[in-house]
Amino acid sequence: MSAVLRAGVLGWPVSHSLSPRLHGHWLSQYNIDGSYEAVAVQPEDLAGALSGLADEGFRGVNLTVPHKQAALALVDKIDDAAQRIGAINTIVVEAGARLAGSNTDAFGFIENLRDHVPDQVANGWSGRPVAVLGAGGAARAVCTALLDCGVAEIRLVNRTAQRAASLVDTLPGMDRCAKIYTWVDGPDALADAGLLVNTTVLGMTGQAPLDLDLTRLPDDATVHDIVYAPLETDLLARARQRGNPTVDGLGMLLHQARPGFRAWFGVDPVVDDGLRRAVLAGL
Ligand code: ATR
């Protein structure tokens, strides 16, 4: 039997995933005798794939579209973040072939911001409101992290008000600090904000542009787009041109991968320029 430590990502489709490139870079950087594979798994085969992980020698896997929600019912335990976000992106095979599911997206989001604006993360944006565009799965992860930072007010801007209301109702702690805006009154949500985060697909390569008037956004507000293709979205370009500090989305992708790598391969890896370059080459 091979001694190679085995991990991977399950998705359908999975060929677009940057995770093999990301983990592959760390495996060679730390000289670890391990593998990280892209495994194409159709939705109807997810249960079988997960139950077979231990027998196939996997230490664990990442999950990507469309498996993140379905996996909740297929693992033996779920961490607090996965419970709150309602999705799993990382699985660790534990003793007795038990599967531990977690969600590292909130961690990745805040660790990336900590790299760029550590003081703002530490003081929870000093009581200033934070504006979040979108109310899907990514917004749930972002809001989970912001709640844990102790932000005073989260302004959720979403096309479909009902979806934003559902996020507020189902994410513990959101009701005490959330205000809901539609896309029409979205520009008002930016007044006095200390942070603006885009979690929608708008501005991504092949999607419609993000058309939001930034006039009311304070000049010192940090603007963060979790979209990383393109690396500088139109939102970030406009924010940079008006003098706002900007943070692109690649760092969130890189940081969310750290807990899985550490659990499977025993090293807490660093996110540095070499990793950024290696992953960017796959875009
Ligand atoms: P994810 O899990 O990546 O967050 P998602 O759950 O499909 O993806 O959420 C996508 C987000 O982008 C939603 O907030 C969606 O708004 P709706 O809730 O109104 O659907 C937003 N979005 C997608 N296309 C949009 C568009 N053309 N205009 C405005 N918002 C859009």
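That block above? That's the structure.
Calculation criteria
Residues numbered from 1 in each chain as written. Predicted model: local features only at pLDDT ≥ 70, side-chain atom pairs only at ≥ 80, totals over all residues. Heavy atoms only, no water. Buried < 20%, exposed > 50% of the residue type's maximum accessible area, 1.4 Å probe, protein only. Helix = DSSP H or I, 4+ residues; strand = E, 2+ residues; numbered from the N terminus. Pairing = 2+ DSSP bridges. Contact = heavy atoms within 4.5 Å. Axes fitted to C-alpha atoms, helices over the stretch in contact; angles between N-to-C directions. Core = buried A, V, L, I, M, F, W, Y, C linked by side-chain atoms within 4.5 Å. Domains from an automatic or database assignment. Polar contact = N/O pair within 3.5 Å; in protein donor to acceptor, adjacent residues only side chain to side chain.

Novice: Where do I start with helix α8 (residues 234–241) in this structure?
Specialist: Because each turn of an α-helix spans 3.6 residues, side chains separated by three or four positions in sequence point in the same direction. By the burial criterion, the buried members of α8 are Leu235, Leu236, Ala237 and Ala239. One or two residues past the end of α8 sits Gly243, with phi positive at roughly 95°.

Novice: Explain the sheet that holds strand β11 (residues 222–225) here, please?
Specialist: Hydrogen bonds along the backbone pair up the strands of a sheet, which may run parallel or antiparallel. Read across the open sheet, the six strands follow the order β9-β8-β7-β10-β11-β12; overall the sheet is parallel. The outermost strands of the open sheet, each flanked by one partner alone, are β9 (178–181) and β12 (246–247). Where β11 lies against β12, two bridges are found, and the strand directions are parallel. Pairing of Val223 across the sheet is with Thr246, part of β12. Along the sheet, helix α7 (residues 161–170) makes contact with β8 (154–157) and β9, crossing β9 at roughly 170°. Running at roughly 165° to β11, α8 makes contact with β10 (195–198), β11 and β12 of the sheet.

Novice: Looking at this structure, how should I read the nonpolar core?
Specialist: General note: in soluble globular proteins, nonpolar side chains tend to be found buried as a group. Formed by 36 residues in total, the largest nonpolar core has its most connected members in Phe109, Trp125, Val132, Leu146, Ile154 and Met174. Those elements giving two or more residues to this core turn out to be α3 (80–85), α4 (105–116), β7 (130–133), α6 (137–148), β8, α7 and β10. Both domains that furnish three or more residues to this core are identified here as domain 1 (5–104 + 257–280) and domain 2 (107–251). In this structure Met174 touches Cys143, Leu147, Ile154, Leu156, Leu167 and Val168, once residues within four positions along its chain are discounted. Counting residues in hydrophobic clusters, the runner-up holds 19 residues, among them Ala7, Ile32, Val92 and Leu253.

Novice: Would you mind going over the environment of Asp225 with me for this structure?
Specialist: Position of Asp225 among the secondary structure elements: in strand β11. As for Asp225 and Leu196, which are separated by 29 residues in sequence, their C-alpha atoms are 8.2 Å apart. In this view, Asp225 contacts Asn198, Thr233, Leu235, Leu236, Val247, Asp248 and Gly249; residues no more than four positions away in its chain are not counted. Within the structure, Asp225 has its side chain in polar contact with the backbone nitrogen of Val227 (distance 3.1 Å).

Just distances and angles here, no functional claims.
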